[in-house]
Amino acid sequence: MAGLASLVEAMHARIATLPRIPGLGDATDVDERTQGVTGLVYKTVRGVTHLTGGTLDALLGWLAPALAAPDPHQAPRPEREAILAALNGVLGDHLATTGNPLAIAMQFRRAGRPLPLERHAIRSRLGAATPKLLVLLHGLCMNDLQWHREEHDHGEALARELGYTPVYLHYNSGLSVSTNGRILGHLMEGLYSVWPVPIERLTMIGHSMGGLVARSAIHHGAQMQRGGLRWPGRVDDLICLGTPHHGAPLERMGHGLDLLLGAAPYAAPLARLGKVRSAGINDLRLGSIVRGSAAADDTRGADHVALPGGTRCFAIAASLGPASGSLKARAFGDGLVPVASALGQHGNPDLRLGFAPERQAVVHETGHLDLLSSTEVAALMTGWLR
């Protein structure tokens, strides 16, 4: 793992070439952060590689101080958040198992800052919280700040148009989907319990892996209702954007990690880790939401789990091709997820998910990440949730 420093530096090079997230620091701040990351991370890792023998845990241990959590009163640094999200996506199960401080702990956030599950704190942070609660779940190797893309944020748009109060989940996407689902099941109950006003409508929107985590949380939460969980039966709407309900076949064939990480901002250099596969990535191969991560060579199908009853479920798939595109273009989908997988379609009728025809859509000439900024997607969701 002596090349980890070069790997992280390549990630930083990508960060430096991408537009700064508006409202999170000025140009001077960006310059100072760049110097800090370069000096503390790259030089430190290179300097200790030979001393530590270059083991993964030793190098991650030296990275931890350089990527330490910022002052909670300061705006989060997009570069740091992106590096942590990418590392967790590929190595998150290892980070969690070894107790590494770089492991992301699941929490709700607004503008990248934690949202304590306490009624007074929520009132203070959110101001006039509305009875319409919206929970947004990001995808693999990403973080909650990345819902803001090309000057658009679906959560903010639905707040303006329909009066929702958006809350963004931040989680370790390298853990198995089932593990994240179980954790979220309890976390959602906490949020539901302390929401400042009676909840009249509860909506969840998941992008990519986020849709699987949402389905897993509702499924596990419903099973845990015997223990008193109330929120699963109150989810009115679930919208899945580019979610691989039946898996990502490119990953299943062994060719997909480069594409999967290459499509996520800042994450592509992590493909240099070669055959490393986190539990989350392995789950994404088959769209598994209820059992532990399958091994990379596991050929079993994922356990079938129907869509939650009593919840209006919607699916939006993207296709890089035009509306009149070929079947091949439809199979390729958004570059990562085939259209059929995103819509829950399957050759075996017993495995199909029951998205009603009027609750599914395909947006064309759109890539996987473009779902986050698509005006067509925004219009569809606004119409469905109106």
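Values in this document were obtained by computation on a predicted structure and should not be read as measured data.

*Asks:* In this structure, what is going on with the nonpolar core? I would like to understand it.
*Replies:* The nonpolar side chains of a soluble globular protein tend to be buried, and buried together. By size, the foremost hydrophobic cluster in this structure holds 62 residues, and its most contacted members are Phe108, Val135, Leu184, Trp195, Met204 and Trp231. Broken down by element, the residue count for this core peaks at 7 residues, all from helix 7 (residues 177–194). Residues within four places of Val135 in sequence aside, it is in contact with Phe108, Val167, Met188, Leu191, Leu202, Thr203, Met204 and Ile205. Counting residues in each nonpolar core, the second largest holds 23 residues, with Leu134, Tyr168, Ala361 and Val377 among its members.

*Asks:* Could you clarify how one ought to interpret the packing of aromatic side chains in this entry?
*Replies:* What characterises a pair of aromatic rings is the spacing of the ring centres plus the angle enclosed by the ring planes. For the structure shown, the criterion picks out 1 aromatic pair. Both rings, one in Phe314 and one in Trp384, keep their centres 4.7 Å apart while their planes meet at 25°; by these two values the pair is stacked. Taken together, the positions of Phe314 in strand 7 (residues 312–319) and Trp384 in helix 14 (residues 375–385) put the pair 70 residues apart, joining distant regions of the chain. For the pair shown, Phe314 and Trp384 are each scored as buried. The lysine or arginine in question, Lys132, covers the ring of Tyr164, its NZ or CZ lying 4.8 Å from the ring centre.

*Asks:* Just checking my understanding: could you explain the side chain of Ser278 for this structure?
*Replies:* Residue position: Ser278 is located in the loop between helix 10 (256–262) and helix 11 (279–286). Within the local environment of Ser278, its side chain forms a polar contact with the backbone oxygen of Gly89, the two atoms lying 2.7 Å apart. With near-sequence residues (within four places) excluded, Ser278 lies in contact with Gly89, Val90, Leu91, Asp93 and Gly174.

*Asks:* Would you mind going over the state of the cysteines with me for this structure?
*Replies:* Every disulfide links exactly two cysteines, by a covalent bond between their sulfur atoms. Scanning the model with the defined rule gives 0 disulfides in all. Distance from the sulfur of Cys313, which forms no disulfide, to the nearest cysteine sulfur (Cys240) is 7.0 Å.

*Asks:* It is not clear to me how the confidence of the model for the protein should be interpreted in this structure. Could you clarify?
*Replies:* If pLDDT is low for a region, its predicted coordinates should not be looked at in detail. With 74% of its residues at a pLDDT of 70 or more, the protein shows a mean pLDDT of 81. Scored below 50 in pLDDT, residues 18–52 makes 49 contacts in the model with residues more than four places away or belonging to other chains.

*Asks:* Sorry if this is basic, but what is going on with the packing of helix 6 (residues 154–162) against helix 14 here?
*Replies:* Geometrically, a packed helix pair is captured by the angle between its two axes and the distance between the axes. At a minimum axis separation of 11 Å, helix 6 and helix 14 run at an interaxial angle of 45°. The orientation of helix 6 relative to helix 14 falls into the category oblique. Relative to helix 14, the crossing made by helix 6 is right-handed. Along the contact surface, helix 6 presents His154, Leu158, Glu161 and Leu162, while helix 14 presents Val377, Ala378, Met381, Thr382 and Leu385. Of the residues contributing to the contact of helix 6 with helix 14, the split by class is 6 nonpolar, 2 polar and 1 charged.

*Asks:* Would you explain the sheet that holds strand 7 in this entry?
*Replies:* The strands that make up a sheet pair up through hydrogen bonds in the backbone, lying either parallel or antiparallel. As summarised here, the arrangement of the 8 strands in space is 2-1-4-3-5-6-7-8, forming an open sheet in which the pairing is mixed. Edge positions in the sheet fall to strand 2 (113–114) and strand 8 (360–364), since each of these pairs with one other strand and no more. Where strand 6 (residues 235–241) and strand 7 come together, 5 bridges link them in parallel fashion. Opposite Leu241, over in strand 7, you have Ile316 as the bridge partner. Of the strands in this sheet, strand 3 (132–137), strand 5 (201–207) and strand 6 touch helix 8 (residues 209–223), which is tilted by about 140° from strand 5.

What counts, and at which threshold
Residues numbered from 1 in each chain as written. Predicted model: local features only at pLDDT ≥ 70, side-chain atom pairs only at ≥ 80, totals over all residues. Heavy atoms only, no water. Core = buried A, V, L, I, M, F, W, Y, C linked by side-chain atoms within 4.5 Å. Buried < 20%, exposed > 50% of the residue type's maximum accessible area, 1.4 Å probe, protein only. Helix = DSSP H or I, 4+ residues; strand = E, 2+ residues; numbered from the N terminus. Contact = heavy atoms within 4.5 Å. Phe/Tyr/Trp six-rings, centres within 6.5 Å; stacked < 30°, edge-to-face > 60°. Lys NZ or Arg CZ within 6 Å of the ring centre and 35° of its normal. Polar contact = N/O pair within 3.5 Å; in protein donor to acceptor, adjacent residues only side chain to side chain. Disulfide = S-S within 2.5 Å. pLDDT = per-residue confidence, 0-100. Axes fitted to C-alpha atoms, helices over the stretch in contact; angles between N-to-C directions. Parallel < 35°, antiparallel > 145°, perpendicular 65-115°, else oblique. Left-handed = near helix turned anticlockwise from the far one by under 90°. Nonpolar A, V, L, I, M, F, W, Y, C, P; charged D, E, K, R; others polar. Pairing = 2+ DSSP bridges.

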